[in-house]
Each structure stands twice: as structure tokens, then as C-alpha cells.
Amino acid sequence: MSARSSSPEVRNPILALPSVARLRALNPEARLALQDILLEIQSDARLRAEKSWRSRKPPVAAYWAACAVYAGHIARSIGPARGRRPRASVALLPNEEITPC
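Reference entry: report on the structure contained in this document. If you're wondering where the values come from, they're calculated on a predicted model, not measured in any experiment.

Section: the nonpolar core
So, step 1. Of all hydrophobic cores here, the largest spans 5 residues; its members are Leu38, Leu39, Ala71, Ala75 and Ile78.
So, step 2. At the level of secondary structure, the elements contributing two or more residues to this core comprise helix H3 (28-54) and helix H4 (58-78).
So, step 3. Ranked by residues supplied to this core, first place goes to H4 with 3 residues.
So, step 4. With residues near it in sequence (within four places) discarded, Ile78 still touches Leu23, Arg24, Arg31, Leu34, Gln35 and Leu38.

Things to note about the side chain of Ser52
So, step 1. Looking at where Ser52 falls in the secondary structure, it is placed in helix H3.
So, step 2. In contact with Ser52, not counting residues within four places along its chain, are Lys57, Val60, Ala61 and Trp64.

Observations regarding unusual backbone geometry
Leaving glycine out, the prevailing phi sign among residues is negative, and the prevailing peptide bond configuration is trans.
So, step 1. We note that Arg56 has phi near 60 degrees; this positive angle belongs to a residue other than glycine.
So, step 2. Examined against the element boundaries, Arg56 turns out to sit in the loop between H3 and H4.

What counts and how
- Residues numbered from 1 in each chain as written.
- Predicted model: local features only at pLDDT ≥ 70, side-chain atom pairs only at ≥ 80, totals over all residues.
- Heavy atoms only, no water.
- Core = buried A, V, L, I, M, F, W, Y, C linked by side-chain atoms within 4.5 Å.
- Buried < 20%, exposed > 50% of the residue type's maximum accessible area, 1.4 Å probe, protein only.
- Helix = DSSP H or I, 4+ residues; strand = E, 2+ residues; numbered from the N terminus.
- Contact = heavy atoms within 4.5 Å.

Read these as layout, nothing more, since geometry by itself doesn't imply function.
Structural data, given as C-alpha cells:
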């Protein structure tokens, strides 16, 4: 197995889109506000994905998971590097485990 590239465009494919330059051209206050909103969308979408997964609705869970990834990638492409926000905690039922993918 080969090591994964540390190139920013590999880690965040949104950076390769020409439209990202237009977002980066916004004034800093607007970019920070947009970044904050996108990170909130990411958090909410992750919660919805987890809820859908627990409700045995994999297509809906996949949709919300993809929304969360895109929102996070766009947020990180337009704003200053911030520490990662903690993921929303998910309460597990008794005898329930999280298994790695």
C-alpha cells in the first residue's frame, strides 16, 4: 500500500474547482461567516446521516454523509485553517458498538 498524498488538492478536491477562487475573493468577514455556516451545516448533516443509518435508511444516510463532506471541504477551502471541531457525539444503545468501515 502506498502512502496517501499530502497535496492539498488530493486532501480537499474542492480546491481544484475554478469557482473556489471567487469564494476566496470575498471580503474576510463574509468568508468567515460563510465558513461558520458551512461548518454548522456539516455538523447537522452528520447528525442526520447517523440518525438515518440507525433507522436503517442507508441511501438517506449516504446522502447526508456526502452533504457533510462537501460542506466541510468548502468551508476549509475558503477560511483560515482552524482546529477541527469535535464531531457531534452519538449516543449508543446498550450492547451497540461502532465498527470501523
